[in-house]
Each structure stands twice: as structure tokens, then as C-alpha cells.
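A closer look at the structure
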Amino acid sequence: MAFGLNRAELIGRLGADVTINHLASGGRVANLSIATDEGYVDKQSGDRVDKTEWHRVVTFQPGLVDMFEKHIL
């Protein structure tokens, strides 16, 4: 059986303040939104097109939640 690692990197701008909520189980969850931009030239019109995509990110990992509290809030 093969074991792999899924990895995604988002490089963009923070769209709003990070929210951290406490769960009934005692854990915490962090929610944030990241905007990424893409620019390209439309082949038919020749115009430059700028496109922004929004990504909702949710993490339950205690280390990441701690990092968000320390460096972003």
C-alpha cells in the first residue's frame, strides 16, 4: 500500500481577520479566507484579464491555530 502526502500552498492576501472558535470538545478551530490573483491576456480580445479567487481555509491543528493566534491576531 502506498502512503502519500497531500500538500497545497496558497500564496495570497488575507481577506479578513482570522476567527478562532473554541469547540465543546475543548479543541479550537481557525477560519480564514485567502485571496489569490491570476492575470492573463485574453486570446480573442487581446485584453489583460485580472481574476481573483477566494479560498476558505479551516484548520483544527493545534500548532497552526497557535501560530495564527501569535502572528496574525
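Along every chain, residues carry numbers that run from 1 in the direction the sequence is written. A pLDDT threshold of at least 70 governs which residues receive local features in this predicted model, and a stricter bar of 80 or more applies before side-chain atom pairs are shown or counted, although totals over entire chains, interfaces and linings include all residues. Each side-chain value is worked out from all heavy atoms of the structure, with water and hydrogens disregarded.

Quick look at the overall build of the chain now. Each helix and strand counted, the chain has 1 helix and 4 strands in total. Strands here are runs of E lasting at least two residues and helices are runs of H or I lasting at least four, both read from the DSSP assignment and numbered beginning at the N terminus. For the chain, the sequential pattern of α-helices and β-strands runs β-β-β-β-α. The globule rule used here is 2.2 Å times the number of residues to the 0.38 power, and the radius of gyration it is set against is calculated over C-alpha atoms. In summary, the chain has a C-alpha radius of gyration of 17 Å against a globular reference of 11 Å for 73 residues, an excess of more than 25%. For the chain, the spread of C-alpha atoms along the principal axes amounts to about 55 × 40 × 20 Å. The buried share of the chain, taken over its 73 residues, is 18%. Between buried and exposed lies partly exposed: a residue is buried under 20% and exposed over 50% of the maximum accessible area for its type, with that area taken using a 1.4 Å probe on protein chains only.

To continue, consider the side chain of threonine 59. With respect to the element layout, threonine 59 can be found in strand E4 (residues 48-59). Overall, threonine 59 belongs to the buried group, its relative accessible area being 8%.

Next up on the list: the environment of leucine 5. With respect to the helices and strands, the residue leucine 5 is situated in the segment before strand E1 (13-14). Along the chain, leucine 5 and glycine 26 lie 21 residues apart, while their C-alpha atoms are 28 Å from each other.

Our focus in this paragraph is the pattern of salt bridges. Salt bridge, as used here, is a side-chain nitrogen of Lys or Arg placed within 4 Å of a carboxyl oxygen of Asp or Glu. All chains considered together, the criterion is met by 6 salt bridges. Across the pair glutamate 9 and arginine 7 runs a salt bridge, and its minimum N-O distance is 2.5 Å. Relative accessible area serves as the criterion here: at 67%, arginine 7 is assigned to the exposed category. Across the pair aspartate 50 and arginine 48 runs a salt bridge, and its minimum N-O distance is 3.6 Å. Ionic contacts of the salt-bridge type, sharing partners, join the residues Arg28, Asp66 and Glu69 into one network.

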